[in-house]
Amino acid sequence: MIWSKEETLSREELEAIQLERLQETVHRVYEKVPAYRKKMDEAGVRPEDIRSLADLSRLPFVTKQDMRDNYPFGLFAVSKDELVRIHASSGTTGKPTVVGYTKEDLNIWTECVSRIACMGGATEKDVAQICFGYGMFTGALGLHYGLERIGAAIVPSSTGNSQKQIMYMQDFETSLLVATPSYALRLAEVAREMGIDPKTDLKVKIGLVGSELLTDAMREEMHKYWGDDMLITSNYGMSELMGPGVSGECRYMDGMHINEDFFLPEIIDPQTGEVLPEGEKGELVITCIKKEGLPLIRYRTKDITRLNYEKCKCGRTLCRMENLSGRSDDMLKIRGVNVFPSQIEEVILSFGQLGPHYEIVVERDGYLDKLTVRVELAYSTDSFTELENLSNAVKNKIKTILGLDAKIKLESPNTLQRFEGKAKRVKDLRSN
């Protein structure tokens, strides 16, 4: 089902909307946000200079550091009295990034999430269990209101108490699961421990997963637990831009459709900031062109992807962003080699003898970096030969793909930490 007619506009119609909204947004932030006015003046660009979408590249970037420097409300284009909701990041590495919404912002947010939920197969007949944490995190409430507008029945179970989550799934006949990929796998594990087969004893047939990178290998792993007929789609967003609802996959799973009438995407070279040609892979930059409270201009997401402007088989004409390759700030540089955790995950999940839970540890031994990959076995075994052969096979495949030697530590099942929210897969123990 396609939720809104704007999802099928021609490129000319869509670009006309984008330009009008971009120009209005740039004028508004220049007039109302001193920090933006200062950045634009320093860049030598004024609102009247934005005459076409190509002129977007003349505007300065905004980063998470800008949000922290202007904490809490310095980048807002409305007064605090006009806000009806405030969210914030965890702030584990400094001041949190604060985001706020007017009534109209909440309407837009709900509209965008309704679209991506429909892309992922949600209907008014679904019972949707939301296993994101409710609170300052935007994910749970974003999916809650978007699915509720569609007409789905919401089970706001949040995270934690996994056995009770499974009880709700059974008793309420949950058909749609909202969770991180890692927590969806954990729930399936708990169900099995309770003597419940997720494939046959539960009615979950749709997974709207987000907040973590969903690789093809992780999607296949989820199918092993939940069944091949479960439709598992990834959706994308971040609190700075709005929350979930920036983009999402349809059932053809050929990239995530960006709600382009609200979010204007670019791909840049993460090192130089240069806008890259269509189809090139680089860092995703998003401009919010309809938000009232916090209309970020050219926000650097740090996420690595590419854009595809061809019409999708589903009928939507919105451009699609390729499934993320990782984040530029998550990239590890190990002995001069650029390594994304997703590359190691794909190696791990290519071995049926291994489970989906792993940890990447990077240490420094003298002047050399040392890479260790801890990964759980899918089953227990006492065969030294089998373990040695498996360890060597994983090590050799990592060496082939990354050009790096890694120590492989095979752990017993149910040894590594499980995560209810976003999984933390990397421990970088190197001193700065």
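See above for the structure.
These numbers were taken from a predicted model, which means no experiment stands behind them.

Novice: How should I be thinking about the packing of helix α7 (residues 181–193) against helix α9 (residues 216–226) in this particular structure?
Specialist: The description of two packed helices rests on the angle between their axes and on the distance between the axes. Running from amino to carboxyl end, α7 crosses α9 at an angle of 25 degrees, the nearest separation of the two axes being 10 Å. Judged by the inter-axis angle, α7 sits roughly parallel to α9. Once α7 is placed against α9, the crossing between them reads as left-handed. Judged by residue contacts, Pro181, Ala184, Leu185, Leu187, Ala188, Glu189 and Arg192 of α7 engage Met218, Glu221, Met222, Lys224, Tyr225 and Trp226 from α9. Partitioning the contact of α7 with α9 into residue classes produces nine nonpolar, no polar and four charged.

Novice: Explain the nonpolar core to me, please; I cannot follow it from the model alone.
Specialist: Side chains of a nonpolar character, in soluble globular proteins, are inclined to be buried together. Grouped together as the largest cluster of nonpolar side chains are 68 residues, with contacts concentrated most on Leu75, Leu147, Phe263 and Leu296. Ranked by residues supplied to this core, first place goes to helix α4 (residues 103–119) with seven residues. Leaving out residues up to four positions away in the same chain, Leu147 has contacts with Ala117, Ala122, Ala128, Ala152, Ile154, Leu176, Val178 and Leu208. Leu177, Ile196, Val209 and Ile232 belong to the second largest nonpolar core, which has 25 residues in total.

Novice: I'm lost on α9 in this one. Help?
Specialist: At 3.6 residues per turn, the α-helix brings residues three or four places apart onto the same side. For α9, the buried fraction is high: eight of the eleven residues fall into the buried class. Of the positions making up α9, those classed as buried are Ala217, Met218, Arg219, Glu221, Met222, His223, Tyr225 and Trp226. Backbone geometry just after α9 places Gly227 at a positive phi near 110 degrees.

Novice: Help me understand the pairing of strand β5 (residues 176–179) in this model?
Specialist: The side chains of a regular strand alternate between the sheet's two faces. Neither face of β5 is exposed, since Leu176 and Val178 on one face and Leu177 and Ala179 on the opposite face are all buried. Alignment of strand β3 (residues 127–130) against β5, held across three bridges, turns out to be parallel. Residue pairing in the sheet places Ala128 in a bridge with Leu176 of β5. As paired strands, β5 and strand β6 (residues 206–209) are joined by four bridges and run parallel to one another. By the bridge assignment, Ala179 is partnered in β6 with Val209.

Novice: Help me understand the packing of aromatic side chains, please; the structure alone is not making it clear to me.
Specialist: One pair of aromatic rings is described through two measures. These are the centre distance and the angle between the planes. Scanning the model with the defined rule gives four aromatic pairs in all. Ring geometry for Phe132 and Phe137: centres 5.6 Å apart, planes at 90 degrees, overall edge-to-face. Residue class for Phe132 comes out buried when judged on its relative accessible area of 5%. The exposure class of Phe137 is partly exposed, given its relative accessible area of 34%. When the ring centre of Phe61 is taken as origin, the NZ or CZ atom of Arg300, which lies over that ring, is 5.4 Å away. One residue, Arg425, lies across the ring of Tyr358, its end atom 4.7 Å from the ring centre.

Novice: Explain the side chain of Arg316 here, please?
Specialist: Along the chain, the position of Arg316 falls in the loop between β13 (307–308) and β14 (320–321). A distance of 2.8 Å separates a polar atom in the side chain of Arg316 from a polar atom in the side chain of Glu7. Leave out the neighbours within four places in its chain, and Arg316 touches Met1, Ile2, Glu7, Thr8, Cys118, Met119, Cys250, His257 and Lys311.

Novice: Would you mind going over the sheet that holds strand β12 (residues 299–305) with me for this structure?
Specialist: Backbone-to-backbone hydrogen bonds pair the strands of a sheet. The strands run either parallel or antiparallel. If you trace the four strands from one edge of the open sheet to the other, you get β10-β11-β12-β15, paired in antiparallel fashion. The outermost strands of the open sheet, each flanked by one partner alone, are β10 (263–268) and β15 (326–327). Pairing geometry for β12 and β15, over two bridges, is antiparallel. Each bridged residue has a counterpart across the sheet, and for Ile304 the counterpart in β15 is Gly326.

Novice: What's the story with unusual backbone geometry in this structure? I'm lost.
Specialist: Negative phi is the rule for most residues except glycine; trans is the rule for most peptide bonds. Between Tyr71 and the following residue, Pro72, the backbone shows a cis peptide bond with an omega angle of -5 degrees. Note on placement: Pro72 falls in the loop between α3 (64–69) and β1 (85–88). Backbone geometry at Arg298 places phi at a positive 50 degrees, although glycine is not the residue there. Among the secondary structure elements, Arg298 is positioned in the loop between β11 (282–288) and β12. Judged by relative accessible area, Arg298 falls into the buried class, the value being 2%. A positive phi angle, near 75 degrees, is found at Lys302, a position not held by glycine. Mapped onto the elements, Lys302 comes out in strand β12. You can call Lys302 partly exposed: its relative accessible area is 28%.

Novice: Help me understand the sheet that holds strand β20 (residues 407–411) in this model?
Specialist: Read across the sheet, four strands follow the order β20-β19-β18-β21 without closing on themselves; strand pairing throughout is mixed. The sheet terminates laterally at β20 and β21 (426–428), the two strands that pair on one side only. The mean angle between the axes of side-by-side strands here comes to 15 degrees, regardless of whether they run parallel or antiparallel. Strand direction decides the pairing type here: strand β19 (residues 368–377) and β20, joined by five bridges, are parallel. For Val373, the partnering residue across the bridge sits in β20 and is Ile408.

Novice: Looking at this model, I keep getting lost on the packing of α4 against helix α5 (residues 138–150). Mind explaining?
Specialist: Interhelical geometry of α4 versus α5 gives an angle of 75 degrees and a closest axis separation of 8 Å. When the interaxial angle is binned, α4 and α5 end up roughly perpendicular. Here Asn107, Trp109, Thr110, Glu111, Val113, Ser114, Ala117 and Cys118 of α4 lie close against α5, whose contacting residues are Thr138, Gly142, Leu143, Tyr145, Gly146, Leu147, Arg149 and Ile150.

Reading the values: rules and limits
- Residues numbered from 1 in each chain as written.
- Predicted model: local features only at pLDDT ≥ 70, side-chain atom pairs only at ≥ 80, totals over all residues.
- Heavy atoms only, no water.
- Axes fitted to C-alpha atoms, helices over the stretch in contact; angles between N-to-C directions.
- Helix = DSSP H or I, 4+ residues; strand = E, 2+ residues; numbered from the N terminus.
- Parallel < 35°, antiparallel > 145°, perpendicular 65-115°, else oblique.
- Left-handed = near helix turned anticlockwise from the far one by under 90°.
- Contact = heavy atoms within 4.5 Å.
- Nonpolar A, V, L, I, M, F, W, Y, C, P; charged D, E, K, R; others polar.
- Core = buried A, V, L, I, M, F, W, Y, C linked by side-chain atoms within 4.5 Å.
- Buried < 20%, exposed > 50% of the residue type's maximum accessible area, 1.4 Å probe, protein only.
- Pairing = 2+ DSSP bridges.
- Phe/Tyr/Trp six-rings, centres within 6.5 Å; stacked < 30°, edge-to-face > 60°.
- Lys NZ or Arg CZ within 6 Å of the ring centre and 35° of its normal.
- Polar contact = N/O pair within 3.5 Å; in protein donor to acceptor, adjacent residues only side chain to side chain.

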